[in-house]
Amino acid sequence: MCVLRKNGNECSENRQLPSAIKGAILKKTRLNVIYDGIPRDVQKGRDNIPSHCEALSISRDATRFPTVELLREEALSYLHREAVTLPQATPRGYVVVCYDHHPLGFMKNIGTRANNLYPKEWAIHKSK
């Protein structure tokens, strides 16, 4: 289930459900709210790790992170949480990887290699 609110022609900056709506949903139904908006970045050491949900959001700020287009085989490797080699021209830091102009998630380019940040619980597992 999703609850959307439109403010005129502009996208609302409020990323969470209003408390009145959330309270009404929880009182009238027995829904388990998994996400209430897009989770904030998580600080780990000196890094702010972006939430995977942000990469997939339709309200994502496309200028915040550079994007890299992957080939089909590379995209499947990414979804398996395997190593993916990014082009040399890719800037260092967090990048959104895409396939066919659809965002898949984040990778952290550290120069000589890139860390796959696809959530472990979402990864495609090979059958035995």
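Residues numbered from 1 in each chain as written. Predicted model: local features only at pLDDT ≥ 70, side-chain atom pairs only at ≥ 80, totals over all residues. Heavy atoms only, no water.

Quick word on the pattern of salt bridges
Note on pairing: side chains with opposite charge can pair once their charged atoms come close.
Thinking step 1. The tally for this structure, following the rule as stated, stands at three salt bridges.
Thinking step 2. Note that Arg64 is salt-bridged to Asp41, the shortest N-O span being 2.4 Å. Placement of the pair is Arg64 in the loop between α2 (52–56) and β3 (67–69) and Asp41 in the loop between α1 (19–28) and β1 (42–44), with a sequence separation of 23 residues.
Thinking step 3. By relative accessible area, Arg64 is classed as partly exposed at 39%.
Thinking step 4. A salt bridge links Asp47 to Lys108, with the shortest nitrogen-to-oxygen separation between them at 2.3 Å. Residue Asp47 is found in strand β2 (residues 47–49), and its partner Lys108 is found in strand β5 (residues 102–109); the two are separated by 61 residues along the sequence.
Thinking step 5. Each of Asp41, Glu54 and Arg64 takes part in salt bridges that share partners, so that together they form one network. (Salt bridge = Lys/Arg side-chain N within 4 Å of Asp/Glu carboxyl O. Helix = DSSP H or I, 4+ residues; strand = E, 2+ residues; numbered from the N terminus. Buried < 20%, exposed > 50% of the residue type's maximum accessible area, 1.4 Å probe, protein only.)

Some thoughts on the nonpolar core
Thinking step 1. One finds Leu70, Tyr78, Leu86, Val97, Leu104 and Met107 to be the most contacted residues of the largest nonpolar core, which totals 14 residues.
Thinking step 2. For this core, the secondary structure elements donating two or more residues are α3 (72–79), β4 (93–99) and β5.
Thinking step 3. Considering each element in turn, this core owes the most residues, three residues, to α3.
Thinking step 4. Ranked by size, the runner-up nonpolar core spans six residues in total, among them Tyr94, Val96, Cys98 and Phe106. (Core = buried A, V, L, I, M, F, W, Y, C linked by side-chain atoms within 4.5 Å.)

Purely spatial values, then, with no claim about function.
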